[in-house]
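Spelled out from the first residue to the last, the chains are:
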Amino acid sequence: MGKGTVHDRAAADGDPVTGSASAEDAAAGLGTQLVRFSRLLTAYRQKARLESRSGERVLLAKLVRDGERRATDLAAATFLDLSTVSRQVRAMVDKGLVERRPDPEDRRGALLSATAAGEAAFEEYRRQRDAGFQRLLEPWPAEDRYQLIRLLSRLNDDLEEFEYARPEPGIPGPGGEQGATQE
């Protein structure tokens, strides 16, 4: 297999393929596949007309799963720019999906939380997403589905740690500068 190629679809449809890749080949393959994956997700969102609400979904997910927080903390936790978060939060407050209340520890700030309508919207987004992925993954062998989740979780954990523990100031990690990762 050439640089950037670790997966052989014909072989994957039969018996599981085992192999190894150098860190250099794995980096090239991962880069190629992540760019491809990103483009496919963008195409999916455009087709599904969900793109305009992607920021809303990300922010609602964080508030529903992790509870109330300040906008600055929400921006940091989602790798989004504070101006983007502020704009999205205003729109979600107007829609009744998020509410603000004064921060009891610092009255100058506000805590954001998902409303019941926000939680319902998040659950609907998640239901739609999960139904699509279920259709996509149904033909996969159970072991492949398990390994996909295990390895993607590991990659996400490592990317998150790498992003926060950037060794040299001014040198972006694989995710780029803040705001590059949206979901």
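Residues numbered from 1 in each chain as written. Predicted model: local features only at pLDDT ≥ 70, side-chain atom pairs only at ≥ 80, totals over all residues. Heavy atoms only, no water.

Visitor: Outline the side chain of Thr115, listing residues and values.
Guide: Locating Thr115 in the fold gives a position in the loop between β2 (106–114) and α6 (116–137). Take Thr115: its relative accessible area is 15%, and that puts it in the buried class. For Thr115, the contacting residues outside a window of four places in its chain are Gly96, Leu97, Val98 and Glu99. (Helix = DSSP H or I, 4+ residues; strand = E, 2+ residues; numbered from the N terminus. Buried < 20%, exposed > 50% of the residue type's maximum accessible area, 1.4 Å probe, protein only. Contact = heavy atoms within 4.5 Å.)

Visitor: So what's going on with the pattern of salt bridges? Residues and values would help.
Guide: Taken as a whole and assessed by the stated rule, the structure comprises ten salt bridges. Several salt bridges converge on common partners, so that one network encompasses Arg70, Asp103, Asp106 and Arg108. (Salt bridge = Lys/Arg side-chain N within 4 Å of Asp/Glu carboxyl O.)

Visitor: How would you explain the packing of helix α3 (residues 54–66) against α6 if you had to name every residue and give the values?
Guide: Interaxial distance between α3 and α6 falls to 9 Å at its minimum, and their mutual angle equals 115 degrees. When the axes of α3 and α6 are compared, the pair comes out roughly perpendicular. Handedness of the crossing formed by α3 with α6: left-handed. Counted together, Glu56, Arg57, Leu60, Ala61, Val64 and Arg65 of α3 and Gly118, Glu119, Ala121, Phe122, Tyr125, Arg126 and Arg129 of α6 form the full contact between these two elements. Of the residues that constitute the contact of α3 with α6, the class distribution is six nonpolar, one polar and six charged. (Axes fitted to C-alpha atoms, helices over the stretch in contact; angles between N-to-C directions. Parallel < 35°, antiparallel > 145°, perpendicular 65-115°, else oblique. Left-handed = near helix turned anticlockwise from the far one by under 90°. Nonpolar A, V, L, I, M, F, W, Y, C, P; charged D, E, K, R; others polar.)

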